[in-house]
Amino acid sequence: MASSPNISFVLHDVARLLRKRFEQRSRTFGLTRTQWQVLAYLSRNEGIHQTKLADLVETMPITLARLLDKMEAKGLIERRPNPADRRAWLLYLTPKAHPLLDIMRDNGQKTRNEAFVGLSDDEQQHLLQTLCLMKSNLFEACVQPVVGREKVHD
C-alpha cells in the first residue's frame, strides 16, 4: 500500500528547491544565498546591531562577522559607530547594494511564480495563511517549556 507524502519532507523539499532556483537565477551577481539574505534583512532593518542581525539570519555572530567583512569589501554594506555604545557598530546598506535589492526581489518573484503555476490566487492565499498558522504554532511550541515528559523506564 502506497503511503501519502510526509508533509515535513515535502515542505523541506519545496524550501530547498525554492532556494536552489533562486540561486540559479542569481548566481551571476557573485553573492551567496546568505549574502542575499543579509541584504534582505538589512533593507528592512538598517541601523541594526550585528548580534541582532545574526539572530535574524540564524547564524553565529562570528560567522556573520566574516560574511559582513566580505560584503563590506565589496562595497555593499557599511559599519557605522553606535552613538550609544562606542564598542558596537551599526549596519547599513550602501548605495551600491540598492540595485541588487531590486534584482533580488525580481528573482524572488519569478521563482515564486514558477512555484505557484497551477494555483489560483485564492489557493495561493490559503496556502500562505496555512503555512503562517503552522509557523506560529511551531514557534509557540518551541518557546514554551516542555511539561509532562514521561520518564522512560528500563
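Along each chain, the written sequence defines residue order, and numbers are assigned to residues from 1. Only residues with pLDDT of at least 70 get local features here, since the model is predicted, and only at 80 or more are side-chain atom pairs given and counted; chain-wide, interface and lining totals rely on the full set of residues. Derived side-chain values reflect all non-hydrogen atoms in the structure, with water molecules and hydrogen atoms excluded from consideration.

Peer 1: Tell me about the packing of aromatic side chains, and name the residues and values.
Peer 2: Here the aromatic set is Phe, Tyr and Trp, taking the six-membered ring for Trp, and pairing holds for ring centres within 6.5 Å; pairs whose planes are under 30 degrees apart are stacked, those over 60 apart are edge-to-face, and all others are tilted. According to the stated counting rule, one finds two aromatic pairs in the structure shown. Here the aromatic rings of F29 and W36 are separated by 6.2 Å at their centres, their planes lie at 85°, and the arrangement is edge-to-face. Overall, the relative accessible area of 36% leaves F29 in the partly exposed class. Throughout this description, buried means an accessible area under 20% of the type-specific maximum (1.4 Å probe, protein chains only), exposed means over 50%, and partly exposed covers the range between. A residue is classified by how much of its surface remains accessible, and W36, at 3% relative accessible area, is buried. Taken together, F22, F29 and W36 form an aromatic cluster joined through their ring pairs. Any Lys NZ or Arg CZ that is within 6 Å of a ring centre and within 35 degrees of that ring's normal is treated as a charge sitting over the ring. Of note, R44 hangs over the ring of Y41, and the distance from its end group to the ring centre comes to 5.2 Å. Residue placement shows R80 over the ring face of Y92; its charged tip is 3.8 Å from the ring centre.

Peer 1: Give me the lowdown on the sheet that holds strand β3 (residues 85–93), citing residues and values where you can.
Peer 2: Any two strands between which DSSP finds at least two bridges are classified as paired. Strands here are runs of E lasting at least two residues and helices are runs of H or I lasting at least four, both read from the DSSP assignment and numbered beginning at the N terminus. Strand order in this open sheet of three strands is β1-β3-β2, and the pairing throughout is antiparallel. In the strand order of this sheet, the two ends are held by β1 (48–49) and β2 (77–82), each with one partner. When β1 meets β3, the two strands line up antiparallel, connected through two bridges. Paired with H49 across the two strands is L90, which belongs to β3. Sheet strands touched by helix α2 (residues 33–44): β1, β2 and β3. Its angle to β3, the strand with the most contacts, is close to 105°. Sitting on the sheet, helix α4 (residues 61–73) is in contact with β2 and β3, with an inclination near 115° to β2. Working rule for contacts: check all heavy atoms of both residues, and any pair within 4.5 Å makes them a contact. For helices, the axis comes from a line fit to the C-alpha atoms of the stretch in contact; other axes are also lines fit to C-alpha atoms, and the angle between any two N-to-C directions lies between 0 and 180 degrees.

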